[in-house]
Amino acid sequence: MGTVDSAANNDRYVAVYDSAQFRTLRRRSNSFIVWASVAFYGWWFAGITLAAFVPDFFRTGLGGPMNVGLLFIGLSLLLVVAIAVVSLRFARERLDPLSEQIRADLEGDLR
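Residues numbered from 1 in each chain as written. Predicted model: local features only at pLDDT ≥ 70, side-chain atom pairs only at ≥ 80, totals over all residues. Heavy atoms only, no water.

J.: I keep staring at the overall build of the chain and nothing clicks. Help me out?
T.: The secondary structure content of the chain amounts to four helices and two strands. When the helices and strands of the chain are read in sequence order from the N terminus, they spell out α-α-α-β-β-α. Split into buried and exposed, the 111 residues of the chain put 14% on the buried side. Partitioning the contacts of the chain with sequence separation of at least 6, the portion at a separation of at least 24 is 64%. Here the chain has roughly 8,300 Å² of accessible surface; of this, 67% comes from carbon and sulfur atoms. (Helix = DSSP H or I, 4+ residues; strand = E, 2+ residues; numbered from the N terminus. Buried < 20%, exposed > 50% of the residue type's maximum accessible area, 1.4 Å probe, protein only. Contact = heavy atoms within 4.5 Å. Areas by Shrake-Rupley, 256 points an atom, 1.4 Å probe, with all protein chains shown as cover.)

Structure below.
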């Protein structure tokens with residue numbers, strides 16, 4: 001009884017998965033993920049490398065109790081916040097309209 005409807009739904013989802021719009025959505029999403037990962041892990045790797053091989057650099061005082069290591073940690077937190085903000089903006093402007101269009105095409109007048 002529900003087998004026919006299930007097969008028809010599966011065909012629709014497979015068709016959407018194979019569509020050019022969905023490929024564009026995945027490409028946009030994946031390119032942003034790669035960019036954000038390179039930025040974050042590059043910064044993290046630079047910090048670990050500096051701390052391991054040039055520890056005196058992180059101990060360099062900047063005034064009062066502040067040193068380069070603490071500044072690096074603060075900038076790391078700022079980088080995380082910046083990536084989160086850029087991610088939300090990117091999703092709102094580039095991913096959401098395309099995903100809404102795909103959903104509307106898939107659901108038709110169901111909504």
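J.: Could you clarify how one ought to interpret the confidence of the model for the chain in this entry?
T.: Put simply, the chain has an average pLDDT of 89, and 89% of its residues get 70 or more. Within the chain, no element has a lower average pLDDT than helix α1 (residues 3-17), which sits at 73, and none a higher one than helix α2 (residues 20-53), at 95. (pLDDT = per-residue confidence, 0-100.)

J.: Just checking my understanding: could you explain a nonpolar patch on the surface for this structure?
T.: Judged by side-chain polarity, Phe-40, Tyr-41, Trp-44, Phe-45, Ile-48 and Val-80 come together as a nonpolar surface patch covering roughly 640 Å² of accessible area. At five residues, the largest contribution of residues to the nonpolar patch is made by α2. Within the secondary structure layout, Phe-45 lies in helix α2. (Patch = residues over 30% accessible without salt bridge, like charges linked within 9 Å, V, L, I, M, F, W, Y side chains within 5 Å. Salt bridge = Lys/Arg side-chain N within 4 Å of Asp/Glu carboxyl O.)

J.: Even after reading the chapter, I still don't get helix α4 (residues 68-107), so can you show me in this structure?
T.: With 40 residues, α4 should cover 58 Å at 1.5 Å per step; its first-to-last C-alpha distance of 54 Å lies within 8% of that length. The backbone nitrogen of Gly-69 has a side-chain oxygen 3.2 Å away, supplied by the residue at the start of α4, namely Asn-67. Of the residues flanking the end of α4, it is Gly-108, one or two places downstream, whose phi is positive at about 65°. (Expected span 1.5 Å × (residues − 1). Polar contact = N/O pair within 3.5 Å; in protein donor to acceptor, adjacent residues only side chain to side chain.)

J.: What should I look at first to understand the UniProt feature "transmembrane region" (unreviewed entry) in the chain in this one?
T.: The sites that UniProt annotates as "transmembrane region" (unreviewed entry) are residues 32-54 and 66-88. The straight-line gap between the two end C-alpha atoms of residues 32-54 is 32 Å; of that span, 96% is helix and 0% is strand. For residues 66-88, helix accounts for 91% and strand for 9%, while the C-alpha atoms at its two ends are 32 Å apart. (UniProt positions renumbered as here; feature names shortened; annotations may be inferred.)

J.: Just checking my understanding: could you explain the nonpolar core for this structure?
T.: Within soluble globular proteins, side chains that are nonpolar generally end up buried alongside one another. If you look at the biggest cluster of nonpolar residues, it comprises 10 residues: Val-16, Leu-25, Phe-32, Ala-36, Ile-83, Phe-90, Leu-95, Leu-98, Ile-102 and Leu-106. Among the secondary structure elements, those contributing two or more residues to this core are α2 and α4. Apart from residues no more than four positions distant in its own chain, Leu-25 is found in contact with Leu-95, Leu-98, Ser-99 and Ile-102. (Core = buried A, V, L, I, M, F, W, Y, C linked by side-chain atoms within 4.5 Å.)

J.: Sorry, what's going on with α2 here?
T.: For the α-helix, the turn length of 3.6 residues means that residues three or four positions removed from each other point alike. For α2, which comprises 34 residues, the first-to-last C-alpha distance of 48 Å matches the rise-based estimate of 50 Å (1.5 Å per residue) to within 8%. Taken together, the buried positions of α2 are Leu-25, Phe-32, Ala-36 and Gly-47. The elements touched by buried residues of α2 are α3 (55-59) and α4.

J.: I would appreciate a short explanation of the packing of aromatic side chains in the present structure.
T.: The relation between two aromatic rings is expressed through the spacing of the ring centres and the mutual angle of the planes. Scanning the entire structure with this criterion turns up eight aromatic pairs. The interplanar angle of 40° and the centroid separation of 5.5 Å between the aromatic rings of Phe-32 and Trp-35 together place this pair among those described as tilted. On the criterion of helical spacing, the pair formed by Phe-32 and Trp-35 is a turn pair, its members being three residues apart in helix α2. Here Phe-32 falls in the buried class, since its relative accessible area comes to 13%. Centre to centre, the rings of Phe-32 and Phe-90 are 4.8 Å apart; their planes meet at 15°, and the pair counts as stacked. (Phe/Tyr/Trp six-rings, centres within 6.5 Å; stacked < 30°, edge-to-face > 60°.)

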